[in-house]
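# Reading the structure
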Amino acid sequence: MSGTTRLRPRLAAAAVTAAAAALVLTACSSSGSSASGDGQIGFVTAKGSNISTAAVGHRQEAPDIGGDTLEGAPAKLSDYRGKVVVLNVWGSWCGPCRSEADDLQRIWDKYKDQGVQFLGINTRDTEIKNAVRFEQEKGVTFPSIYDPAGAQLLKFPKGSLNPQSIPTTLVIDRDGRLAARAVGGQTDDALETMLQPVLAEQQR
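Residues numbered from 1 in each chain as written. Predicted model: local features only at pLDDT ≥ 70, side-chain atom pairs only at ≥ 80, totals over all residues. Heavy atoms only, no water.

## Things to note about the overall build of the chain
The helix and strand inventory of the chain stands at four helices and nine strands. Helices and strands in the chain line up, N terminus first, as α-β-β-β-β-β-α-β-α-β-β-β-α. Here the chain, with 204 residues, has 43% of them falling under the buried criterion. Relative to all contacts within the chain whose residues are 6 or more apart in sequence, the contacts with residues 24 or more apart total 72%. Total accessible area computed for the chain in this model is approximately 9800 Å², and 52% of it derives from carbon and sulfur atoms. (Helix = DSSP H or I, 4+ residues; strand = E, 2+ residues; numbered from the N terminus. Buried < 20%, exposed > 50% of the residue type's maximum accessible area, 1.4 Å probe, protein only. Contact = heavy atoms within 4.5 Å. Areas by Shrake-Rupley, 256 points an atom, 1.4 Å probe, with all protein chains shown as cover.)

Okay, structure coming up:
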């Protein structure tokens, strides 16, 4: 094995570590400065809002993220194809994540029997017990993939998920495409504003 070949795994690991470190440095930012859409994704942000949407014909496919949940069960985004998925990126260390947890759970309870699936990505919790305790304290019942190094977040195309703001919430349509995004903590009203138009769409 050449020296170059041996270095490749180290370089890949270093890239993941660097990206994860960036999440820590800018965690829980509520800035919307990079929340506007970019040309690759087609997101459009309404003035004065932190919610961005993409029209049906301008949506990009979401990556098939996956891993073990906090309970140790395997899960991946494609398991829920045919449902509208609300994907929430959070950490137990994040104040806005704590504030929005009740709202997320209320909307999950309201829509889980209407073809909607909630899925979390827990990131930057180096101790899984902290994330599990968070869910227990907040009464969260939807599954979350444990992604302490942020490796799953790196799979998202540029502009689809802002790694400088945790929490971030995405709505993924029934065809597995990125339909809406909100940066920062959300209320139940805001979550429904994102979710209802996508849920009302006819499956293609």
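## Description of the pairing of strand E8 (residues 168-172)
Along E8, five of the five residues are buried, which leaves the element largely enclosed by surrounding structure. Residues Thr168, Leu170 and Ile172 line one face of E8 and the alternating positions Thr169 and Val171 line the opposite face, and both faces are buried. Relative to E8, strand E5 (residues 84-90) runs antiparallel, the two sharing five bridges. What sits directly across from Asn88, in E8, is Thr169. (Pairing = 2+ DSSP bridges.)

## Concerning unusual backbone geometry
Following Ile166, the chain continues to Pro167 via a peptide bond in cis, the omega torsion being 10°. Residue placement: Pro167 occurs in the loop between strand E7 (144-147) and E8. The phi angle at Arg124 is positive, at roughly 65°, despite the residue not being glycine. Locating Arg124 in the fold gives a position in the loop between strand E6 (116-123) and helix H3 (128-138). Taking relative accessible area as the criterion, Arg124 reaches 24% and is therefore assigned partly exposed.

## Here we look at the pairing of E6
With eight of eight residues buried, E6 is to be regarded as a mostly interior element. Because side chains alternate across E6, one face comprises the buried residues Val116, Phe118, Gly120 and Asn122, and the other comprises Gln117, Leu119, Ile121 and Thr123, equally buried. The pairing of E5 with E6 spans seven bridges and is parallel. Residue Val85 lies in a different strand from E6, and its bridge partner there is Gln117. Note on the crossover from E5 through helix H2 (residues 95-111) to E6: the handedness is right-handed. Inspection of the sheet shows E6 paired to E7 by four bridges, in the parallel sense. Paired with Ile121 across the strands is Ile145, a residue of E7. (Right-handed = clockwise from strand over helix to strand, strands pointing away.)

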